[in-house]
Amino acid sequence: MTTLSFALNHMTAPALPLHEFFTLAQSLGISAVEIRNDLAGNAIIDGTPANKVKALAEKHGLTIISINALQRFNDWNDDRAREAQELINYARDCGAEALVVVPVNDGSGQKDGERQANLRQALSALKPMLEQAGVIGLVEPLGFEICSLRSKTEAAEGISAVGGDGRFKLVHDTFHHYLAGEEKFYPEITGLVHISGVADAGVTVSEMRDPHRVLVDADDRIDNAGQIERLRTSGYAGFFSFEPFSPAVHQRSDIGMAVRESMEFLAAGG
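Each residue is numbered by its place in its chain's sequence as written, counting from 1. This being a predicted model, a pLDDT of at least 70 is required before a residue's local features are given, and a value of 80 or more before pairs of side-chain atoms are given or counted; all residues contribute to the totals for chains, interfaces and linings. In computing side-chain values, all of the structure's heavy atoms are included and hydrogens and water are not.

All right, on to the packing of helix α4 (residues 114-133) against helix α5 (residues 152-161) then. Only C-alpha atoms enter the line fits that serve as axes; for helices the fit covers just the stretch in contact. Angles between N-to-C directions range over 0 to 180 degrees. The helix and strand labels rest on DSSP assignments: H or I over at least four residues marks a helix, E over at least two residues marks a strand, and numbering proceeds from the N terminus. At their nearest, the axes of α4 and α5 sit 9 Å apart, and the two run at 50° to each other. As judged from the angle between their axes, α4 and α5 are oblique. The crossing of α4 and α5 is right-handed. Of the residues in α5, those in contact with Arg115, Gln116, Leu119, Arg120 and Leu123 of α4 are Glu154, Ala155, Gly158, Ile159 and Ala161. In these notes the angle categories are as follows: under 35 degrees is roughly parallel, over 145 is roughly antiparallel, 65 to 115 is roughly perpendicular, and the rest is oblique. Less than a right angle of anticlockwise turn of the near helix away from the far helix marks a crossing as left-handed, whereas a clockwise turn marks it as right-handed. We call two residues in contact when some of their heavy atoms are within 4.5 Å.

The next thing to look at is the packing of aromatic side chains. Any two of the Phe, Tyr and Trp rings considered here, Trp counted by its six-membered ring, make a pair once their centres fall within 6.5 Å; the pair's planes then place it as stacked at under 30 degrees, edge-to-face at over 60, or tilted in between. A complete count under the given rule lists four aromatic pairs for this structure. Taken together, a centroid distance of 5.2 Å and an interplanar angle of 25° make the contact between Phe6 and Phe242 stacked. Here Phe242 lies in strand β10 (residues 239-242) and Phe6 lies in strand β1 (residues 5-9), a separation of 236 residues in the sequence. Each member of the pair, Phe6 as well as Phe242, is classed as buried. Aromatic pair Tyr236 and Phe240: ring centres 5.3 Å apart, planes at 90°, arrangement edge-to-face. When sorted by exposure, Tyr236 lands in the same class as Phe240, which is buried. Burial classes follow relative accessibility: with a 1.4 Å probe on protein chains only, a residue under 20% of its type's maximum area counts as buried, one over 50% as exposed, and anything between as partly exposed.

What follows deals with the pattern of salt bridges. Take a side-chain nitrogen of Lys or Arg and a carboxyl oxygen of Asp or Glu: if they are within 4 Å of each other, that pair is a salt bridge. As enumerated under the stated definition, the model contains 15 salt bridges in all. Here Asp75 and Arg80 are joined by a salt bridge, their closest N and O atoms 3.5 Å apart. You can call Asp75 partly exposed: its relative accessible area is 30%. Take Arg80: its relative accessible area is 10%, and that puts it in the buried class. Linking Arg92 and Asp93 is a salt bridge whose minimum nitrogen-to-oxygen distance equals 2.8 Å. A residue is classified by how much of its surface remains accessible, and Arg92, at 40% relative accessible area, is partly exposed. A single salt-bridge network, built from bridges that share partners, covers Arg36, Asp38, Asp173, Asp210, Arg213 and Glu243.

To continue, consider the sheet that holds strand β6 (residues 168-173). In short, DSSP must find at least two bridges between two strands for them to pair. Here eight strands make up a closed barrel; going around it, the order is β1-β2-β3-β4-β5-β6-β7-β10 and the pairing parallel. If you compare each strand with its neighbour and ignore which way they point, the axes differ by 30° on average. Note that strand β7 (residues 190-195) and β10 share three bridges and pair parallel. Looking at β10, one finds that Val193 is bridged to Phe240.

Take a look at the structure:
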């Protein structure tokens, strides 16, 4: 089996300025990164021009595989459309291959029929915008019980319903896959995998939240190794992107060493 292709999401070290984050990826032998639009004092939110981000990535020999993310994408309105267009344009101009889109996660829009209609409306509106820019839309279901799009099956059905095959792909997030309790995998339409583990033995599944998400090691409770193996053996050949949200990870002074240890653990099969 081929070696794992790792990527690095800026959430791994959110306090690092972009050039230091790119240097971190480069030092780990990682050539693919995800940048974010939710990190205060950092690109994109600080107004850094897209062409500057592109030049910086090229200088470090990196490919920007996504901007993460358009939030509440399935609550489509004029404000969302403007925000989407700005992010899609930024993705195009900084050389990012894709834009991650994340659903409403506040308990609203969950009714059967309503959530499917909202999903299709948003995908239909996004499709021509993405096509014009040559950018992929990465749909990321969230496993939280209050989320309006928990199921990859429902996301896949929505993509198919709007004729979005090829323009939209799924994000398989190992944390959210576990929380959703969804058995099915969609390697053929998966465009990216987000990886993070949960090591806290005291937290129940329904209590798991972003701050519990750490780098994957032998204490992982959510079977990252098994999920990765299943994705790979069923045909997924894309990137596995580290996305830990835990403050304990973010505060590490040896983050490079910590990521390298997780890479080695996963490359060995977990």
